[in-house]
Amino acid sequence: QVQLVESGGGLVQAGDSLRLSCAASGRTTLMGWFRQAPGKEREFVVAIGGTGGHTLYADSASGRFAISRDYAKTTVYLKMNSLKPEAMGVYYCAASGRYGGAWSGANAYDYWGQGTQVTVSS
């Protein structure tokens, strides 16, 4: 069982930047971030493959968000720039211990973090 611990959430103003981190307690392949806004379902934001050479962004994240991976520390980062109020929500780190599955689907992931709150004030 792999444990995921997120950090870096907080309250920012629109236009600010924020970096989220997710530390895994063991080896993982695919890692990603999902967001759940108040009253809405959890949605895919971005994912990075096991080697770090491939990424997938949701349309809402493309161009302003950047995911990266530190293999030495089994940590994934999400840098969010020019934040908008619609980016607000609980961000969940997710990871898989296997290969296969659609990266944007929750079923591709085996492990989930507890979530970190991101609040963007306008």
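If you're wondering where the values come from, they're calculated on a predicted model, not measured in any experiment.

A. Highlighting the overall build of the protein chain. When helices and strands are tallied, the protein chain shows zero helices and 11 strands. Its helices and strands taken in sequence order, the protein chain reads β-β-β-β-β-β-β-β-β-β-β from the N to the C terminus. Taking 2.2 N^0.38 as the reference for a compact globule, 122 residues should give roughly 14 Å; the C-alpha atoms of the protein chain span a radius of gyration of 13 Å, in line with that estimate. Projected onto the principal axes, the alpha-carbon positions of the protein chain cover approximately 40 × 25 × 25 Å. With 122 residues in all, the protein chain has 42% of them scored as buried. Pairs at least 24 apart in sequence give 56% of the contacts found in the protein chain among residues at least 6 apart. On the protein chain, roughly 6,300 Å² of surface is accessible, and the fraction owed to carbon and sulfur atoms is 47%.

B. Here's a closer look at the side chain of T116. You can see T116 is positioned in strand β11 (residues 116-121). Setting aside chain neighbours within four positions, we find T116 in contact with E6, S7, G8, G9, L20, G89, V90 and Y91.

C. Quick look at the packing of aromatic side chains. The tally for this structure, following the rule as stated, stands at four aromatic pairs. Residues F34 and F44 carry aromatic rings whose centres are separated by 5.6 Å and whose planes lie at 75° to one another, so their mutual orientation is edge-to-face. Remark: F44 occurs in strand β5 (residues 43-48) and F34 occurs in strand β4 (residues 31-36); sequence separation between them is 10 residues. Given a relative accessible area of 11%, F44 falls into the buried group. Ring centres of F34 and Y109 lie 5.3 Å apart, and the angle between their planes is 85°; this geometry places the pair in the edge-to-face category. Remark: Y109 occurs in the loop between β9 (89-95) and β10 (111-112) and F34 occurs in strand β4; sequence separation between them is 75 residues.

Thresholds, definitions, all that
- Residues numbered from 1 in each chain as written.
- Predicted model: local features only at pLDDT ≥ 70, side-chain atom pairs only at ≥ 80, totals over all residues.
- Heavy atoms only, no water.
- Helix = DSSP H or I, 4+ residues; strand = E, 2+ residues; numbered from the N terminus.
- Rg over C-alpha atoms; globule rule 2.2 N^0.38 Å.
- Buried < 20%, exposed > 50% of the residue type's maximum accessible area, 1.4 Å probe, protein only.
- Contact = heavy atoms within 4.5 Å.
- Areas by Shrake-Rupley, 256 points an atom, 1.4 Å probe, with all protein chains shown as cover.
- Phe/Tyr/Trp six-rings, centres within 6.5 Å; stacked < 30°, edge-to-face > 60°.

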